[in-house]
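# Descriptive structure summary
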Amino acid sequence: MDGGEERLVAAAQAGDAAARERLVSGCLPLVYNVVGRALDGHADVDDVVQDTMLRMLNGLGGLRDPSRFRSWLVAIAMNQVRRRWSANRRRPAVGLDAAHELPDPGGDFVEITIVRLGLSGQRKEIAEATRWLDPADRDLLSLWWLEVSGELTRAELAAALDVKRRHAAVRVNRMKEQLETGRLVVRALAATPPCPGLAELTSSWNGRPTPVWRKRIARHARGCDACRAHRHKLAPAEVLLAGMVLVPPPAHLSAAELAGFKLSGADVALHASHGARNAVIAGTATVTVVAVAIWFFAMPGDEQRPSAAPPSTPVATPSATPVSPDPSPTPSRTRRSPKPRKTSKPRLSPGRQVIRLANIQRARHGCRPLRENPMLTRAAQKHSADMATRRVLSHDGASGQDPGARITAAGYRWRAWAENIQQGAATPSSAVSSWMTSTYHRANILNCAYTEIGVGFVSGAGGPWWTQDFASPQ
């Protein structure tokens, strides 16, 4: 926890209503991700998140050490998760006539994670593997995932579990072993062509992940040469999860909605809509453009291609407003020496205007400015030109290269990368505005893990065509 957050907690404890609101807004994504993964997207996720926020606000005055706020908050969230599981086990069964009164159990945080973060390849597989964990290990995964992505420290994880760090390490190792088993099961089930022995084994399986079927499929995979081979290409889970952003909370749990907290003393009232509790946020563009974002921490050996967010519906694009030329001097009857013209500052290129506008947004959210890298610019410009030539909006180039391969071909040695592309935004301002109103594009721009950027712009037929390539170097 940094000094800024400590000061914010102290101000909130002193009764500063604005500080309390900022504290709620800042810690909401963390709580939502902890609870969402622990409950596996159960319909009660929203209620548990709200209960956690209420308890945090009501108990804030009793927190003696502001530096322990984060571990204290996560401990509250985990206690609420355990209470909800306990309450659900005691809940009596109901008949079909009352089934409509129960919450929809169809929420799936794994699917939400995959869709909102645009996961693919081994990262998509590891998210799917979490479905095969036991409930206790899923609780622990919700904390460990945040640890390896930089949101929690090991000390905070241990404090949230109320165990010593050594005991926490043992539990994490056991959970990772079960996660690796789940990854093997996911790969074996998705193999093409399917393993005949596995197909026979699972002929009576209803498709729902359970501990019994995890053990059966894993036992088969360990004894089958074809299925066992899937384990050899698995990258370490820590590498796959490192640097991942938090899954954004749904709109009804956003900071705007949580302004409904009546922050006056200890009196807290929460107003949140439950009608869309399992909805997935869809990015809504406010300008007439076609845009696609891809969010993916790529790595060598990840054999599956990253997936892209679906493009919005193309519509007519307004043309750019022409720049008026400098007015000519008014003719005079007397011949005078012409006054020297004021030299104006050189106009930034469209690409550098995009970088400047993106950095303004990053500054508002606490991220350092992105530096332009000529290799990333070269890769982005080449891809915009390729899209304009083919008149196709796609992350895949004409030769089939994905963004990571194109960035590598430009000479850039990356540790992580992401790409936004867009068709039809007439100006840099409209391009950035549309990206900031889309969940996926916004996540890329505001990802503090990225430190460098290159922007490509081509005003060809059907365009303009824009490419943003983000990266962090090795």
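## Some remarks on helix α7 (residues 135-148)
- Taking 1.5 Å per residue as the helical rise, α7 with its 14 residues ought to reach 20 Å, and the 20 Å between its terminal C-alpha atoms agrees with that figure.
- The buried count for α7 comes to 12 of 14 residues, which makes it a mostly enclosed element.
- Burial in α7 covers these residues: Asp137, Arg138, Asp139, Leu140, Leu141, Ser142, Leu143, Trp144, Trp145, Leu146, Glu147 and Val148.
- Residue Gly150 follows α7 closely and has a positive phi angle near 90 degrees.

## Quick word on unusual backbone geometry
- Look at the link from Thr192 to Pro193: it is a cis peptide, with omega at -5 degrees.
- Looking at where Pro193 falls in the secondary structure, it is placed in the loop between α9 (165-190) and α10 (196-201).
- Pro464 follows Gly463 through a cis peptide bond whose omega is 0 degrees.
- Structurally, the position occupied by Pro464 is in the loop between β4 (452-458) and β5 (465-473).
- For Asp162, which is not glycine, the phi dihedral falls at a positive 60 degrees.
- Mapped onto the fold, Asp162 is located in the loop between α8 (154-161) and α9.
- We note that Arg391 has phi near 55 degrees; this positive angle belongs to a residue other than glycine.

## Focus: the pairing of β4
- Within β4, 6 of the 7 residues are buried, which leaves the element mostly enclosed by the surrounding structure.
- With 2 bridges joining them, strand β2 (residues 371-372) and β4 adopt parallel strand pairing. For Glu372, the partnering residue across the bridge sits in β4 and is Ile453.
- Of the pairings in the sheet, the one linking β4 to β5 comprises 7 bridges and is antiparallel in character. Considered in β5, the bridge of Val455 is made with Gln468.
- Two successive antiparallel strands, β4 and β5, enclose a turn made up of 6 residues, where Gly462 displays a positive phi of approximately 80 degrees.

## Considering the packing of α8 against α9
- Remark: α8 packs on α9, axes separated minimally by 9 Å, with the N-to-C direction vectors making an angle of 90 degrees. Relative to α9, the element α8 lies roughly perpendicular. Contacts from Arg154, Ala155, Leu157, Ala158 and Leu161 in α8 reach Arg165, Ala168, Ala169, Arg171 and Val172 in α9.
- Residues that form the contact of α8 with α9 fall into these classes: 7 nonpolar, no polar and 3 charged.

## What to know about the confidence of the model for the protein chain
- Mean pLDDT for the protein chain: 75, with 72% of residues reaching 70 or above.
- When mean pLDDT is compared element by element in the protein chain, β4 scores highest at 95, while helix α14 (residues 255-258) scores lowest at 50.
- Scored below 50 in pLDDT, residues 259-289 makes 75 contacts in the model with residues more than four places away or belonging to other chains.
- The low-confidence segment residues 295-334, where pLDDT is below 50, has 85 contacts with residues more than four positions distant or belonging to other chains.

## Digging into the nonpolar core
- With 74 residues, the main nonpolar core has Val35, Met56, Phe69, Leu143 and Trp144 as its most contacted residues.
- Ranked by residues supplied to this core, first place goes to helix α2 (residues 17-38) with 11 residues.
- Setting aside residues no more than four positions away along its own chain, Trp144 makes contact with Arg154, Leu157, Val172, Met175, Lys176, Leu179, Ala237, Glu238 and Leu241.

## Examining the packing of aromatic side chains
- Under the definition given, this model contains 5 aromatic pairs.
- A centroid spacing of 6.0 Å and a plane angle of 50 degrees characterise the contact between Phe69 and Trp72, whose relative ring orientation is tilted. Residue Phe69 and its partner Trp72 are located together in helix α4 (residues 69-90), separated by 3 residues, close to a single helical turn.
- For Phe69, a relative accessible area of 1% corresponds to the buried category.
- By relative accessible area, Trp72 is classed as partly exposed at 23%.
- Note on Trp132 and Trp205: the rings are 5.6 Å apart at their centroids and 35 degrees apart in plane angle, and the pair reads as tilted. On the criterion of sequence distance, the pair formed by Trp132 in the loop between α6 (121-129) and α7 and Trp205 in the loop between α10 and α11 (211-223) is long-range, its members being 73 residues apart. Neither residue differs from the other here; Trp132 and Trp205 are each classed as buried.

The rules behind each value
Residues numbered from 1 in each chain as written. Predicted model: local features only at pLDDT ≥ 70, side-chain atom pairs only at ≥ 80, totals over all residues. Heavy atoms only, no water. Helix = DSSP H or I, 4+ residues; strand = E, 2+ residues; numbered from the N terminus. Expected span 1.5 Å × (residues − 1). Buried < 20%, exposed > 50% of the residue type's maximum accessible area, 1.4 Å probe, protein only. Pairing = 2+ DSSP bridges. Axes fitted to C-alpha atoms, helices over the stretch in contact; angles between N-to-C directions. Parallel < 35°, antiparallel > 145°, perpendicular 65-115°, else oblique. Contact = heavy atoms within 4.5 Å. Nonpolar A, V, L, I, M, F, W, Y, C, P; charged D, E, K, R; others polar. pLDDT = per-residue confidence, 0-100. Core = buried A, V, L, I, M, F, W, Y, C linked by side-chain atoms within 4.5 Å. Phe/Tyr/Trp six-rings, centres within 6.5 Å; stacked < 30°, edge-to-face > 60°.

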